[in-house]
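Listed below, chain by chain, are the residues.
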Amino acid sequence: MHQSPSRTLLEHWNEIRVGQEFALREDIRPQKLGKALPLILVIVRDGTDFRFRLAGTSICAFFGRELRDEAFSAFWQDESAGLANAAALQALEQRSPICFHLAMETHGSSVAASLLLLPLATNQGLPDRLIGALELNALAEQRILNEGLTGIRLIMATKNLLPSTCRMSSTV
C-alpha cells in the first residue's frame, strides 16, 4: 500500500528526533523517505523570510524551474505569502509542526493540496529550517503539470498535529 508523503516524512521525523522538540538536519535519511522525495522540500530561515534550500523534482516540475535559493514567499499568491511566511516563522520559533491546507491554482482550475512543515535544527541545536512534504492526489498532480501552476493560496494553517491531521481538504 502506498503511504502519503506527509505521513512518511512525519514518521521519519518522529523516529529521528527521539523525544526532542525537533530533529537534527544531519539525521534526515533521504533513503527512508523513498517515493516521497519528489514532494519533499526544505526551507531555511533568512531573516524574517525563508529560502528554498531543496525542492523535490515534482515540486520543481510544477513551477517549471529549480527553486533552490528562491524566496518561499514567491511560492504564494497575494496575501497568502505574508500569512504563510508568518505561520512558518511561528512554527519554527515554537518548534512545532504545522500543516497548510492549500488551493493550487492552474490556468484552468484549482486543486486541493496540503503542505506539512516540520522544524529542523543544525548540529548546534538551533532550529533554522523546516522540512516539508507536499500532498496532492495523482489527478491533481497531472492537472497541474498539464495546465500549468499559476500560484498557491493558503486556505488554513493547523498546528499541533496528530499523524493523520495533515491531509488534503476535499474542497477548495
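Starting afresh in each chain, residues are numbered from 1 along the sequence in its written order. Local features in this predicted model are restricted to residues of pLDDT 70 or higher, and side-chain atom pairs are both shown and tallied only at a pLDDT of 80 or more, whereas totals for entire chains, interfaces and linings draw on every residue. Hydrogens are left out, water is left out, and the side-chain values use all remaining heavy atoms of the structure.

Caption draft 1: Region of interest: the overall build of the chain. Where helices and strands are cited, they refer to DSSP runs of H or I of at least four residues and of E of at least two residues respectively, numbered from the N terminus. Broken down by element type, the chain carries five helices and seven strands. When the helices and strands of the chain are listed from N to C terminus, the series reads α-β-α-β-β-α-α-β-β-β-α-β. Taken over the C-alpha trace, the chain has a radius of gyration of 15 Å; the compact-globule value for 172 residues is 16 Å, and the two agree within 12%. If you line up the chain on its principal axes, its C-alpha atoms span 45 × 40 × 25 Å. Partly exposed residues are those whose accessible area sits between 20% and 50% of the maximum for their type, while under 20% is buried and over 50% is exposed, using a 1.4 Å probe and protein chains only. Scored against the burial criterion, the 172 residues of the chain give a buried share of 48%. Contacts are assigned to residue pairs with any non-hydrogen atoms lying within 4.5 Å of each other. At a minimum sequence separation of 6, the contacts of the chain that also span at least 24 residues come to 61%. Working note: accessible area of the chain is about 8,500 Å², and carbon and sulfur atoms make up 50% of it. Between the two quantities, the radius of gyration covers C-alpha atoms and the globule rule is 2.2 Å times the number of residues to the power 0.38. Methods summary: accessible areas were calculated by the Shrake-Rupley approach with a probe of 1.4 Å, and residue burial reflects only the protein chains presented.

Caption draft 2: The arrangement of the pairing of strand β6 (residues 127-135) in detail. Across the nine residues of β6, eight count as buried, placing the element largely inside the fold. If DSSP finds at least two bridges between two strands, the strands pair. As paired strands, strand β2 (residues 40-46) and β6 are joined by five bridges and run antiparallel to one another. Bridge pairing in β6 places Ile43 opposite Leu130. As paired elements, strand β5 (residues 110-121) and β6 share eight bridges and run antiparallel to each other.

Caption draft 3: Layout of the packing of aromatic side chains. Each aromatic pair joins two rings of Phe, Tyr and Trp (for Trp, the six-membered one) with centres within 6.5 Å, and gets the label stacked for planes under 30 degrees apart, edge-to-face for over 60, and tilted for any other angle. Taken as a whole and judged by the stated rule, the model has eight aromatic pairs. Centre to centre, the rings of Phe75 and Trp76 are 5.3 Å apart; their planes meet at 75°, and the pair counts as edge-to-face. Ring pairing ties together the aromatic residues Phe50, Phe52, Phe63, Phe72, Phe75, Trp76 and Phe100, which thus form one cluster.

Caption draft 4: Looking closely at the pairing of β2. In terms of burial, β2 is a largely internal element, five of the seven residues being buried. Two strands pair when backbone bridges link them, and β2 and strand β3 (residues 49-55) are joined in this way by six bridges, in the antiparallel orientation. From the neighbouring strand, Leu41 faces β3, where its bridge partner is Ala55. Between the antiparallel neighbours β2 and β3 lie two residues, among them Gly47 with a positive phi of about 70°.

Caption draft 5: Main features of the nonpolar core. Definition of nonpolar core: a set of buried residues of the types Ala, Val, Leu, Ile, Met, Phe, Trp, Tyr and Cys, connected through side-chain atoms within 4.5 Å. Phe72, Trp76, Phe100, Met104, Leu115, Leu117 and Leu134 are the most contacted members of the largest nonpolar core, which has 37 residues in total. Counting residues per element, this core draws most heavily on helix α4 (residues 80-94), which supplies seven residues. The residues contacting Leu134, other than those within four sequence positions of it, are Pro5, Leu39, Ile59, Phe62, Leu102, Met104, Ala113, Ser114 and Leu115. Judged by nonpolar contacts, the second largest core, of 17 residues, contains Leu9, Trp13, Ile40 and Leu118.

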